[in-house]
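Below are the chains, spelled out letter by letter.
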Amino acid sequence: MTTKLVKRALLYLVLISFALLFLVPIYVLLTTSLKGNNEVTLDQMWAFPSQIDLSGYKLAFSKLFPHLGNSFLLTIPATILSALLGSMNGYVLSKWAFRGSNTLFGLMLFGMFIPYQSILIPLIQFMQDIHLYNSIPGLILIHVIYGLPICTLMFRNFYVAIPTEVLEAAKIDGTGFFGIYRHIIVPLSITGFVVVGIWQFTNIWNEFLFAVTMTTQKQQPIMVALQNLSGSQIVQWNVQMAGALLAALPTLLVYILLGRYFIRGLLAGSIKG
Amino acid sequence: MNKRMMLLAVFLVLSLLTAACGSSGTNDKTALENQPQTNSDSNSKDSADSSDADTAKKSVEIFSWWTGAGEEAGLLGLIDLFNQKHPDIEVINAAVAGGAGTNAKAVLASRMQGGDPPGTFQVHGGAELNTGWVAAGKMESLNALYESEGWMDKFPKDLIDMVSHDGTIYSVPVNIHRGNVLFYNKKIFDDNHLTPPTTFEEFFKAADALQAQGIIPLALGDKEPWTATMVFEDALLGVLGPEDYKQLFTGEIAFDDAKVKDALEKTKRMFSYINEDHAARNWQDAAQLVANGQAAMNIMGDWAKGYFTTDLKLQPNVDFGWIATPDTGGSFMVITDTFGLPKGVKDANSVDEWLKVLGSVEGQDIFNPLKGSIPARVDADSSKYDVYGQSTIADFKQSSLTPSLAHGSAAAEGFLTQVNQVMTIFVTKGDVDQAAKSLRDAQVSSGIVK
Amino acid sequence: MTRTKHSRLPKSDALIPVLMILPSLIAIAIFVYGFIAWTGYISLTDWNTLVRNLDFVGLSNYAFLFQDFRFQSDLRNTVVFTILFIVATIGFGLLLAMLVDRRIRAEALFRNIFIFPMALSFIVTGVVWQWILNPTTGVNLILQALGAAKGHLPKWYISTSIVPGISGGQIELGIPIALIAVVIATVWQMSGFAMAMYLAGLRGISDELKEAARVDGASEWTVFRRIILPQLHPITGSLVIMLTHISLKIFDLIYAMTGPGAMFVTDVPGVYMFETTFRGNHYAQGAAIAMIMLLLVSLLIIPYLKSSLKEGAS
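Since the structure is predicted, the reported quantities are computational estimates derived from the model, not experimental observations. (Residues numbered from 1 in each chain as written. Chains lettered and ligands numbered in written order. Predicted model: local features only at pLDDT ≥ 70, side-chain atom pairs only at ≥ 80, totals over all residues. Heavy atoms only, no water.)

Glancing now at the sheet that holds strand 8 (residues 216-219) of chain B. Residues and elements named next belong to chain B. Strand order in the open sheet formed by 4 strands is 8-9-7-10, and the pairing between neighbours is mixed. At either end of the open sheet lies a strand with only one pairing partner, and these are strand 8 and strand 10 (320-324). On average, each strand axis in the sheet is tilted by 25° relative to the strand beside it, whichever way the strands run. (Pairing = 2+ DSSP bridges. Helix = DSSP H or I, 4+ residues; strand = E, 2+ residues; numbered from the N terminus. Axes fitted to C-alpha atoms, helices over the stretch in contact; angles between N-to-C directions.)

So, in structure tokens, the structure goes:
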């Protein structure tokens, strides 16, 4: 009994120290964001602010707020669309494999490794040709397409674990392609949607390169606005850190809210089938 | 349920169609791109005319990397002034920040190559403008504007040369920063009874004395390599003098010349006095070392002055002092932001109006005090500037102006990135011969040869 | 997967699966392969100034890169970084998942703390860790307070030493110590995600299986190795691919945290490509770097695909 207690205590000790380590950067972010401009120096990075100075937050908020809507308009549809398409692709590739489907999957997957910097110029030209340059829908399209490989991969790996017998039974009952997807696959893949959703939401929310090249001023998402807080030569770190924390709030919220779903989905036994 | 599936199917078909339409579009585009450059001249005139016809929506899009404290205030001040004068023209402030303008340059390059130029954009005067967009045939001549505004004698001749190519002027300078400034901590110098060094000899002597006291003589933050390149370019200017310095970039003097090697030796010796963690600091973190008394000197462009006074609340001439870098007293390393008129802009007349405001005394005196730079015009009102600004304005009028290498004014960006790479290695290795050879190779491969 | 062959659908339905993924395939064909082809073509031209110059110059851009000190360093750094980053993230993520999976109190709190860094952008992570691992301030101040001698403090990302430093080509081969600092930052950011994935996997393993093994007298270690690890295999597979895709393209974080570093000890192809393309206007050279990166990827991903697809078929 005592060994069990000791083990338990040790477990918590390890967990708590890891948790504290993980929070160190957050401490730096928080304290810096609350400092006045002249207190923000490298040597004083561990020090508490001598007085709470909210000017960084005020400035950051006023600059970021107008772009918050853009980010939601971009991230939510793009996440939903890429998750839906990825789920459909994953379903087809794992359960309805056809001749050559493995090769196609490989070709698709390869696509996520393309370094985006190298394709900016043709991409901009292409977006202008289809009249989606400098628009949120254009940015959504880009994120959906470049998100397809990873979403497909995640869903395919989820669906591979679903026993084929379940599908066979449904097929014998006369349920078709869409019926199986709707009634068997979708309910079983809630966890998958949560994981993919979290992944896509954070990636799209935090993405900078496409956001900065595909939009100007009024359409810019929040990450570009965050970058714009820093100047060409001078960076005010308190404003920067305050902005970083503010800009991260929605993603944080997603984690905390969906984290529950995550567990609920697991408890429902989605994977165990 | 079936309805939903139908919807999904419709959506997929639609997306298929868009994809198909798009792919045929690319072909048209390539055809467009191959059209001869000469056409774009007449094109832009056409578009200017047509914009006169529909006066409903005039606009000018201003592309810059001014988003930080001070500089943004300056830009907004200019936009305010412009709005007062031209309430009918909408101003679109398309500023892209980060990486000392690199992000902005990436976006600009993509847009220019993609055939969607902004109305006007920020570009450093000198090679960045001339070997870049001017050589690419993407800029309009501004000679007529200079004539009509009477600007030919309002900007220093050396400066107009920097924004001209074969006698054609391509942009309007709005501000001047000085690149060869040595900032020093006044208290440290007073405490150690040192006078600010004007020559290399004095510099090394002072540095030795400081080092003996356990003070870091020179602060450097070369996390971004351009700061090391600035030290090197100032050493080049100090050793070669302004005339020979300029000849380096016309190819008349080779980069493996004995004088260049001498400058490299001096740079190397200067680097022997720097803080150990230089690679972990950016220029601001290095300037901090001087501000808080850990280091005595810092070689930086004079935006550091703005950082000292505005952000760290230091007093010029009390907490910190400044002097030209060793042996560059009569020279002024120029970093100038300019704006030009790209070809193929939708509403060229509005851009012209913007450039007129930018080049006016009124415009320059609104922008520069806020940005912490000095006006490019010689007839601006110096009472609007602080003590540092006033002394710099005086220097600007008397000194010989040289283009900064580190900020893209002296040579093409391609050469600059290679110099930065050489300096990244040189700071650590200090191999003068190897550095000189690499610099020479870069000079030749960039076509800077006589 | 072979089992799907047994299924018989009405003939009219057989095309539906293909139709459903067709739009994705077309989009990928254009946005990925079309643009790769464009990049490949540019990499063979002389477009190394702002002026678009599409003269064919063969492989000269590649030839330049392979004898370039910076690019050689980049290749070494990418390989080293990718291996360290993936091993550390997966290992640490699995460890966290095992710890959290022990029916602990406040599980949600711990989970959220570990996964939280993922919510931040790479740029923010880069800046914060640049401060924390700064050799004169940051964590070294704490080490010093704990009694570490000043001369023995780690130099983190400004170290220029390469271990073991065998000379190869123009560069030294080995592990650049400075990269370890970058690995720490990236592991901080990504191990929470690995933990979440593994946690989902762990909860999917039936307790009966584990219990049965234990009843048979298997040690915890054997249970872990023989039962848990194999079951987590597909998750590890997905993680490796996702993390590789992050590590090979890593750009923002290094750009914000260390830059290329002294002697290019923390430089990666992504940074080089961005600088040479958009700062130096060497478009063809940038395209060549991109193509080499893609080639590297295919060396890695094709074996993975082959093995994972084989598994699927059996």
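With 38 residues of chain C in contact, the opposing surface of chain B contributes 34 residues. Interface area, chain C with chain B, both sides summed: about 3,200 Å², of which 64% is carbon and sulfur. Summed over the shared surface of chain C and chain B, the result is 1 salt bridge. For lysine 155 of chain C, the salt bridge identified is with glutamate 276 of chain B, shortest N-O distance 3.9 Å. Applying the counting rule to chain C against chain B returns 3 residue pairs in polar contact (both at pLDDT 80 or more). Every element with two or more residues in the side of chain C that touches chain B is listed here: helix 1 (16-42), helix 3 (69-100), helix 10 (252-257) and helix 11 (269-279) of chain C. (Contact = heavy atoms within 4.5 Å. Buried area = accessible area lost by both parts, 1.4 Å probe. Salt bridge = Lys/Arg side-chain N within 4 Å of Asp/Glu carboxyl O. Polar contact = N/O pair within 3.5 Å; in protein donor to acceptor, adjacent residues only side chain to side chain.)

Moving on to the packing of helix 1 (residues 2-33) of chain A against helix 3 of chain C. Viewed as axis vectors pointing N to C, helix 1 of chain A and helix 3 of chain C meet at an angle of 130°, and their least axial separation amounts to 10 Å. When the axes of helix 1 of chain A and helix 3 of chain C are compared, the pair comes out oblique. Two packed elements cross with a definite hand, and for helix 1 of chain A against helix 3 of chain C that hand is left-handed. For the pair helix 1 of chain A and helix 3 of chain C, contact is made by Leu11, Val14, Leu15, Phe18 and Phe22 of chain A and by Phe92, Leu95, Leu96, Leu99 and Val100 of chain C, respectively. (Parallel < 35°, antiparallel > 145°, perpendicular 65-115°, else oblique. Left-handed = near helix turned anticlockwise from the far one by under 90°.)

The next point concerns the nonpolar core. In terms of nonpolar packing, the biggest core is built from 264 residues, with Tyr146 of chain A, Trp354 and Leu355 of chain B together with Phe114 and Phe193 of chain C touching the most fellow members. Residue contributions to this core peak at 17 residues, all from helix 7 (residues 177-204) of chain C. In this structure, this core is formed jointly by two domains, domain 1 (47-176 + 335-399) and domain 2 (181-333 + 404-445) of chain B, each of which donates at least three residues. (Core = buried A, V, L, I, M, F, W, Y, C linked by side-chain atoms within 4.5 Å. Buried < 20%, exposed > 50% of the residue type's maximum accessible area, 1.4 Å probe, protein only. Domains from an automatic or database assignment.)

Residues and elements named next belong to chain C. Positionally, lysine 210 belongs in helix 8 (residues 207-215). Take lysine 210: its relative accessible area is 11%, and that puts it in the buried class. Residues in contact with lysine 210, not counting those within four places in the same chain, are Ile205, Val223, Ile227 and Ile228.

Before going further, it helps to spend a moment on the UniProt feature "transmembrane region" (unreviewed entry) in chain C. Residues and elements named next belong to chain C. With numbering matched to this structure, UniProt assigns "transmembrane region" (unreviewed entry) to residues 21-44, 79-100, 112-132, 177-200 and 283-305. Within the segment residues 79-100, helix and strand shares are 100% and 0% respectively, and the terminal C-alpha atoms sit 31 Å apart. Between the C-alpha atoms that bound residues 177-200 the distance is 34 Å, and the span itself is 100% helix and 0% strand. (UniProt positions renumbered as here; feature names shortened; annotations may be inferred.)

So, about the interface of chain A and chain C. At the interface, 94 residues of chain A touch 93 residues of chain C. Each partner contributes to the roughly 8,700 Å² buried at the junction of chain A and chain C, and carbon and sulfur atoms together form 80% of this total. For chain A, the biggest contributors to the area lost against chain C are Phe22, Phe110 and Phe113 of chain A; these three give 9% of the whole. Scanning the region where chain A abuts chain C turns up 12 residue pairs in polar contact (both at pLDDT 80 or more).

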